[in-house]
Amino acid sequence: MNENVIPPTGISHKLWGADAATRVPADASPTRFAATNQTRVGHDKAQHRGEAPRAARGARALPTEAPERRLLRVHRPIQQAIVVSAISVAVTLGRAAEAPPKPLFPDVAPVCPCESLTKVSIPNTTIDSAAIDPSDGSCRVTTTVTHPPSGDRVKVWIGLPVKNWNGRFRGNGGGGFSGGSAGSLRGPVAQGFAAGATDTGHEGGSGSFALDVNGRLNWQAIIDNAYLGIHDMTVVGKALTQAFYGKAPRYSYFVGGSSGGRQGLMEAQRFPEDYDGIVSACPAINWHRFLPADLWPQVVMVAAKNFVPKAKLDAATAAAVAACDASDGVKDGVIDDPSRCDYDPKALVGTKVGDDTFTEADAEVVREIWEGPRGPDGSFLWHGLSRGTELFALAGTTGSPLTGRPFGIPLDWFRFFLAQDPKWDWTSLTPAGFELLWKQSVEQYGVVFGTDNPDLTRFRDRGGKLIIYHGLADQLIPADGTIDYYKRLQQRMGGAGSTAQFARLFLAPGVDHGFRGRGPTPTGQFEAVIRWVEEGKAPDMLLGERRDQNNKVIGTRPLFPYPNIAKYKGSGSTDEAENFVSSLPTR
Ligand SMILES: [Ca+2]
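Residues numbered from 1 in each chain as written. Predicted model: local features only at pLDDT ≥ 70, side-chain atom pairs only at ≥ 80, totals over all residues.

**Comments concerning the environment of T198**
We count it as follows: In this text, helices come from DSSP runs of H or I with a minimum length of four residues, and strands from runs of E with a minimum of two, each type numbered from the N-terminal end. To sort residues by burial, count the other C-beta atoms lying within 10 Å of each one's C-beta; a count of 20 or more means buried, 12 or fewer means exposed, and anything in between means partly exposed. C-beta atoms are built from the backbone. Here the contact rule is simple: place C-beta atoms from the backbone, and any two residues whose C-beta atoms are within 7 Å are in contact.
Mapping T198 onto the fold places it in strand β5 (residues 194-198). Classification of T198 as buried rests on a count of 33 C-beta atoms within 10 Å. C-alpha separation for the pair T198 and M233, spaced 35 residues apart in sequence, amounts to 6.1 Å. If we skip the residues at most four places from it in the chain, T198 touches V154, K155, V156, W157, G179, G180, G229, I230, D232 and M233.

If you want it as structure tokens, here you go:
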């Protein structure tokens, strides 16, 4: 990572990073775009080695699940220096009781020594090394892919189990600007998958790769990161799998969250032959729109000359939850459907927040953050953060007197992709200037980075299956953008029924970008997509779990395919899934 381009804000670029830890509950769970609250300081050497950050390493985990769990890490309002970060998704392979997927080929064994894979010929690809990893006995291959005449270098890491290959390939996604990490292979390889990951052409999580040494846009690097690197990884991974076992993988899966979720959907849209099943968590789709929108809270505070402290933001979130919690029939600290909550922050004006008093100006800032980016004429640009969602990740502040501290990834987007000036001063941004740059983002990068094409005809026609899931209290990527995309998918692919034959969306109330929070965290997504692909059994429900600090399950709730919601039957514990039924929301 080029330290010179780290924003002075202290915000970690690892945010959506592949290396970011996923803190998935002990034996369950999902993939995510990890949001780690990390400072630059805490962002230790282990991450550069592709390992989980310190906090994640301390988490309890089954050996085979550890890397999966690392994936996600959710933002937790902690101290100031905290930044929400990453998002690397990983779908966990499941609870302790659930065995790894059964082998598809009996008695399969490598047909050549690991080291001999250096002789495999793949177009435009150099095999840098192939050797047994002493830590787990798997065959690890590192390769570099290029795209002549460009001199780009896309690093690809492949892990191949020497014993007990299950006959499948699994591609693993990254987070933020990071394409992925070698460390993400460990869990899937332990589960018997041939697995791949890639740096998508640049190291680290900074967006500085967008500019070449002359300060001009480096389109090859941008394209490698936006879509080509993941496809390269997939091609190389399948070729090496074939060479090592003498058989192609029977099925291939992609798992990712946040940027990884975007990568999964990108594959379905651009390279539908690559994967049979895709699990896409809190996907960073609509990248060209939501990412610049992530700077909006700072633009609002600058324009208002009113940087709102975290305590007031938290007070507004808590007040919204208190006002709207019970409207879904269960008072549990979770707003099941934030779109039905219209709590007005003006109700807080005059109340004490610590030694401070909530003002009209504070209420207006919160209102504009909830509303989302608007042009100076009031025109809709993008969705805002939902009521009940933690606001500090994007409306971060620091210092005394308070000043804004933007989230690093959107800041990099403005600096390197839009203003194309590493020294660009975000504090100079007016609402009118914001609209201009937002529109530039849409026009200049929509086709490359947007990943919002709803035409999945080719993916569907070859039997592809897709599970998307998103937390409704996502503090970095509003779930409304994913809902928009899914609705467009339904329209394009023949309606709700036809779409549900191959693509389903599950929304998780009250959970954030790291799949933490008061709400139920989805579990079993990866098993579900495998079952869907290989046995034709579509997932009618994902089990959501809530865990305490000791990782003990303290509540379960069913999650049904969108637009269905879980409705309380009216009797029995609201912490038990069996007391909820699938229902269509009434409006
Ligand atoms: Ca509730």
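After that view, the rundown keeps rolling.
**Here we look at the sheet that holds strand β15 (residues 542-547)**
Each strand in a sheet pairs with another by means of backbone hydrogen bonds, the pair being arranged parallel or else antiparallel. Put simply, the rule reads: A pair of strands counts as paired when DSSP detects no fewer than two bridges linking them. Each axis is a line fitted through C-alpha atoms, and for a helix only the stretch in contact is used; angles between axes span 0 to 180 degrees, taken between their N-to-C directions.
Pairing in this open sheet of three strands is antiparallel, and the strands run β14-β15-β16 from one edge to the other. In this open sheet, the two edge strands, each paired with only one partner strand, are β14 (521-523) and β16 (553-559). If you compare each strand with its neighbour and ignore which way they point, the axes differ by 40 degrees on average. With three bridges connecting them, β14 and β15 associate as antiparallel partners. The residue bridging P522 from the neighbouring strand is G544, located in β15.

**A look at unusual backbone geometry**
Cis peptide bonds are those with omega within 30 degrees of zero, and the linkage from S400 to P401 qualifies with 0 degrees. Tracing the backbone through its elements, the reader meets P401 in the loop between β10 (397-398) and β11 (403-404). Residues Y562 and P563 are joined by a peptide bond in cis, for which omega reads 10 degrees. Within the secondary structure layout, P563 lies in the loop between β16 and β17 (565-568). Here the phi dihedral of D107 falls at roughly 55 degrees; this positive angle occurs in a residue that is not glycine. Its identity as a non-glycine residue notwithstanding, S258 has a phi of 65 degrees, on the positive side. Within the secondary structure layout, S258 lies in the loop between β6 (251-257) and α6 (259-270).

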